[in-house]
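Observations on chain architecture
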Amino acid sequence: MDDLETVFSLNNWPGHLSYLLIAISYWLTNMFWLRLLAVVGLSFEILYFWLSGGDLRTGMGWDIIFISINLYQMYRLVRDRLSLRLPEPDRELLRSVLTGLDDAQIARLLNAGELCEIAKGMTLTEENQPLEKLFFICAGRVRVTITGREVTHLEKGNFVGEVAFLTERAATATVIAESAVRALVFETGRLNEFFRNEAEVAGLIYQLLGRELAYKMKASNTRFSTAKRQSRSRKRPDLEVNA
């Protein structure tokens, strides 16, 4: 009983709070809040050491080092957020599509590419031709054709060239701007280099590209099945007449 009272004594509460905050910080994915909680937790640990008595200067000294490291990293995060701004016209679109990334991460991703204005009628990709670019449409509309047949249209929020990017092969479709298009254009070599230093951003982008590719394949299969059924229905009356 005495031991339990000692564990939960007033002098030990800063220690409990310290370790609780540090434990919670391990669960956070937002780097700024993780580091902030770690700083607060380590500060309470220093208070706990001071109240405990004895020579605990070694532990307190290391806590001060850890706090200094986290404060410096927080300064860098705040500096990046203040210096890296999302473009006003595309801010909400980028946030909605790139859910899971904060503004600073999105801004660094933008720096790996270039916002381009693409005139109506210009070709973004050409079927069976090498493609070393990945497009993200911010505004406008493009037409997608395969073997000369129109298969779909893409608008803001869609990627163009994701198959070639993921497979490192030629483009699988021809894509032409149906209107003036504003797009974020990535050179694949530069984007891959960026991904090597930004694993979290890379993981999210690959997930988005994979989901979009799966959606496009499903839509393509649906259109193919519909066209096939319509073709069969047109042929039936001819067969009845010949009979």
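Report on the accompanying structure. Nothing here was measured: the structure is a model prediction, and the numbers come from that model. (Residues numbered from 1 in each chain as written. Predicted model: local features only at pLDDT ≥ 70, side-chain atom pairs only at ≥ 80, totals over all residues. Heavy atoms only, no water.)

Here we look at the overall build of the protein
Each helix and strand counted, the protein has nine helices and eight strands in total. A total of 243 residues make up the protein; the buried ones form 34% of that total. Only carbon and sulfur atoms are counted for the fraction: they give 57% of the accessible area of the protein, which is about 15500 Å². (Helix = DSSP H or I, 4+ residues; strand = E, 2+ residues; numbered from the N terminus. Buried < 20%, exposed > 50% of the residue type's maximum accessible area, 1.4 Å probe, protein only. Areas by Shrake-Rupley, 256 points an atom, 1.4 Å probe, with all protein chains shown as cover.)

Section: the nonpolar core
If you look at the biggest cluster of nonpolar residues, it comprises 27 residues, and the most contacted ones within it are L98, L109, F136, L191, F195 and I205. Among the secondary structure elements, those contributing two or more residues to this core are α5 (91-97), α6 (103-111), β3 (133-139), β8 (181-187), α8 (188-197) and α9 (199-242). It is α9 that provides the largest number of residues to this core, a total of six residues. Once residues within four sequence positions are removed from consideration, L98 is found in contact with I106, L109, L204, I205 and L208. One finds I137, A171, A173 and A177 within the second-largest nonpolar core, a separate group that totals 17 residues. (Core = buried A, V, L, I, M, F, W, Y, C linked by side-chain atoms within 4.5 Å. Contact = heavy atoms within 4.5 Å.)

Looking at the environment of I69
Structurally, I69 is set in helix α4 (residues 57-83). Once the C-alpha coordinates of I69 and R35 are considered, the two residues, 34 residues apart in sequence, prove to be 9.3 Å apart.

Things to note about the side chain of E127
Looking at the element boundaries, E127 is found in the loop between β2 (123-125) and β3. An unpaired buried charge is present at E127: no salt bridge exists, and R149, the closest side chain of opposite charge, is 11 Å distant. Of the polar contacts made by the side chain of E127, one reaches the backbone nitrogen of T147; its length is 2.8 Å. Discounting residues that sit within four places of it in the chain, E127 has contacts with T145, I146, T147, A171, T172, A173 and T174. (Lys, Arg positive; Asp, Glu negative; His and termini not counted. Salt bridge = Lys/Arg side-chain N within 4 Å of Asp/Glu carboxyl O. Polar contact = N/O pair within 3.5 Å; in protein donor to acceptor, adjacent residues only side chain to side chain.)

Focus on the pairing of strand β5 (residues 149-155)
In the sheet, strand β4 (residues 141-146) pairs with β5 via six bridges, with the strands oriented antiparallel. Note that in β5 the partner of V142 across the bridge is L154. (Pairing = 2+ DSSP bridges.)

Thoughts on the side chain of R35
Mapping R35 onto the fold places it in helix α3 (residues 31-52). By relative accessible area, R35 is classed as buried at 18%. Among the polar contacts made by the side chain of R35, one reaches the side chain of N70 at a distance of 3.1 Å. Residues within four places of R35 in sequence aside, it is in contact with N70, Q73, M74 and L77.

Some details on a nonpolar patch on the surface
Together, L17, L20, I24, L28 and W33 make up a nonpolar patch on the protein surface, roughly 440 Å² of accessible area in all. With three residues, the top contributor of residues to the nonpolar patch is helix α2 (residues 13-25). (Patch = residues over 30% accessible without salt bridge, like charges linked within 9 Å, V, L, I, M, F, W, Y side chains within 5 Å.)

Section: the packing of α6 against α8
Their axes nearest at 10 Å, the elements α6 and α8 cross at an angle of 145°. Across the interface between the two elements, R108, L109 and N111 of α6 pack against R190, L191, F194 and F195 of α8. When its residues are assigned to classes, the contact of α6 with α8 shows four nonpolar, one polar and two charged. (Axes fitted to C-alpha atoms, helices over the stretch in contact; angles between N-to-C directions. Nonpolar A, V, L, I, M, F, W, Y, C, P; charged D, E, K, R; others polar.)

Description of α6
Among the residues making up α6, those that are buried are A104, Q105, I106, A107, L109 and L110. Two or three places before A104, at the opening of α6, D102 has a side-chain oxygen 3.2 Å from that residue's backbone nitrogen.

Details of unusual backbone geometry
At N128, a residue that is not glycine, the phi angle is positive and equals roughly 65°. Following the sequence through the fold, N128 ends up in the loop between β2 and β3. Take N128: its relative accessible area is 58%, and that puts it in the exposed class. Here the phi dihedral of E168 falls at roughly 60°; this positive angle occurs in a residue that is not glycine. Its relative accessible area of 69% is what places E168 among the exposed residues.

Regarding the packing of aromatic side chains
Going through the model one piece at a time under the given rule, you end up with nine aromatic pairs. When the ring of W62 is compared with that of F66, the centres are 5.9 Å apart and the planes differ by 35°; the resulting orientation is tilted. Here W62 pairs with F66, and both are found in helix α4, just four residues apart, close to one helical turn. Among the residues examined, F66 registers a relative accessible area of 37% and is labelled partly exposed. Following the ring pairs from residue to residue traces out a cluster consisting of F165, F194, F195 and Y206. (Phe/Tyr/Trp six-rings, centres within 6.5 Å; stacked < 30°, edge-to-face > 60°.)

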